[in-house]
Amino acid sequence: MLALSFWKKSSSRRKRFVAIGVSFLLLFVIAVSGVMTPLTPEDAQSLNDQLEQTQQDIQSMSLLSGGLKIFTNNFLISLVLFVPLVGPFFGIFVMHNTGMVIAAQSITAPTHPPPMLVLLILFIFPFTWMEFLAYSVAFSESIWLLWRIIQRKGKSELVNALILILVCLLTLLAAAFIEMTLIKSLI
């Protein structure tokens, strides 16, 4: 009852921040579920081989080309996340698969670090926070947009959606170049 009272008394802006925070936690839990998914050694090796190929391709690119490739991939994911109804299901799929790839990388690494530790270590890097934040914004806005469409206020919510798409674009662009700069500094 207290939570419902809080929600009713909160401004639209505060509700959006709460929704983004809840989305962030939900997407993290989904990634954890992927990390905890049991993988056969063959499946882990297959996922890791695909990841290594992608990493090699990006490492061979210039800072600009690699940054744009990372950005394009992440921004396309976020755009799909904005789609009402489809976006949240796609987000669940992407985050679960992300967790599985992290688990595969851990399983195939010579030292076999715990997959959960690898996921947590990724949060040392600012680009991880930025990507999760952008995906959380898109995920929560998808739900807001669906709710506004149900209320027959979809057109007015489109302005918010466009602003948030721009926020995600800028966040993911910065994250991609931070990530690519780190990649280039390590090789």
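All of these numbers come straight from a predicted model, not from anything done at the bench. (Residues numbered from 1 in each chain as written. Predicted model: local features only at pLDDT ≥ 70, side-chain atom pairs only at ≥ 80, totals over all residues. Heavy atoms only, no water.)

J.: Give a description of helix H2 (residues 12-35) that names residues and reports values.
T.: A rise of 1.5 Å per residue sets the reference length of H2, with its 24 residues, at 34 Å; its end C-alpha atoms lie 34 Å apart and thus fit the reference within 8%. Three or more residues of H2 are buried, namely Lys-15, Arg-16, Ala-19, Ile-20, Ser-23, Phe-24, Leu-27, Ile-30, Ala-31, Val-32, Gly-34 and Val-35. (Helix = DSSP H or I, 4+ residues; strand = E, 2+ residues; numbered from the N terminus. Expected span 1.5 Å × (residues − 1). Buried < 20%, exposed > 50% of the residue type's maximum accessible area, 1.4 Å probe, protein only.)

J.: Account for helix H7 (residues 126-150), with residues named and values stated.
T.: The terminal C-alpha atoms of H7 lie 36 Å apart, and with 25 residues this matches the ideal 36 Å at 1.5 Å per residue to within 8%. Positioned one or two residues after H7, Arg-152 has a phi angle of 65°, which is positive.

J.: I'd like to hear about the environment of Ala-103, residue by residue, with values.
T.: Along the chain, the position of Ala-103 falls in helix H5 (residues 86-108). Residue classification places Ala-103 among the buried positions, given a relative accessible area of 1%. The sequence separation of Ala-103 and Leu-170 amounts to 67 residues, and the corresponding C-alpha distance is 29 Å. Dropping the residues within four chain positions of it, Ala-103 is found in contact with Gly-34, Val-35, Leu-39 and Pro-115. (Contact = heavy atoms within 4.5 Å.)

J.: Pulling in residues and values, what's your account of the nonpolar core?
T.: Across soluble globular proteins, you tend to see nonpolar side chains buried next to one another. Judged by nonpolar contacts, the single largest core of 32 residues is most densely connected at Leu-27, Ile-70, Leu-81, Met-95, Leu-119, Phe-132 and Tyr-135. Within the residue set of this core, elements represented by two or more residues are H2, helix H4 (63-81), H5, helix H6 (115-122), H7 and helix H8 (154-186). For this core, the element with the highest residue contribution is H2, accounting for 7 residues. Look past the residues within four positions of Tyr-135 in its chain and what remains in contact with it is Leu-27, Asn-74, Ile-77, Ser-78, Leu-81 and Met-95. Counting residues in each nonpolar core, the second largest holds 5 residues, with Leu-39, Met-100, Ala-103 and Ala-104 among its members. (Core = buried A, V, L, I, M, F, W, Y, C linked by side-chain atoms within 4.5 Å.)

J.: If you had to explain the packing of H5 against H7 to someone new, which residues and values would you point to?
T.: Closest axis-to-axis distance for the H5/H7 pair is 9 Å, and the angle between their directions is 150°. Judged by the angle between their axes, H5 and H7 are roughly antiparallel. Where H5 abuts H7, its residues Gly-87, Pro-88 and Met-95 lie against Phe-132, Tyr-135, Phe-139, Ser-142 and Ile-143. Its residues assigned to classes, the contact of H5 with H7 shows 6 nonpolar, 2 polar and no charged. (Axes fitted to C-alpha atoms, helices over the stretch in contact; angles between N-to-C directions. Parallel < 35°, antiparallel > 145°, perpendicular 65-115°, else oblique. Nonpolar A, V, L, I, M, F, W, Y, C, P; charged D, E, K, R; others polar.)

J.: With reference to specific residues and values, describe the environment of Pro-114.
T.: Looking at the secondary structure, you find Pro-114 in the loop between H5 and H6. Using a relative accessible area of 47% as the deciding quantity, one classes Pro-114 as partly exposed. For the pair Pro-114 and Val-137, spaced 23 residues apart in sequence, the C-alpha to C-alpha distance is 29 Å.

J.: Can you lay out the pattern of salt bridges for me, pointing to particular residues and giving the numbers?
T.: Enumeration over the complete set of coordinates arrives at 3 salt bridges. Note that Arg-16 is salt-bridged to Glu-141, the shortest N-O span being 2.9 Å. In this pair, Arg-16 is assigned in helix H2 and Glu-141 in helix H7, connecting sequence segments 125 residues apart. Pair check on accessibility: Arg-16 and Glu-141 agree, each one buried. On the basis of relative accessibility, which here comes to 15%, the residue Arg-16 falls in the buried class. (Salt bridge = Lys/Arg side-chain N within 4 Å of Asp/Glu carboxyl O.)

J.: Which residues make up the environment of Ala-104, and what values go with them?
T.: Its location among the elements puts Ala-104 in helix H5. Discounting chain neighbours no more than four positions away, the residues touching Ala-104 are Leu-39, Ala-44, Leu-47 and Asn-48.

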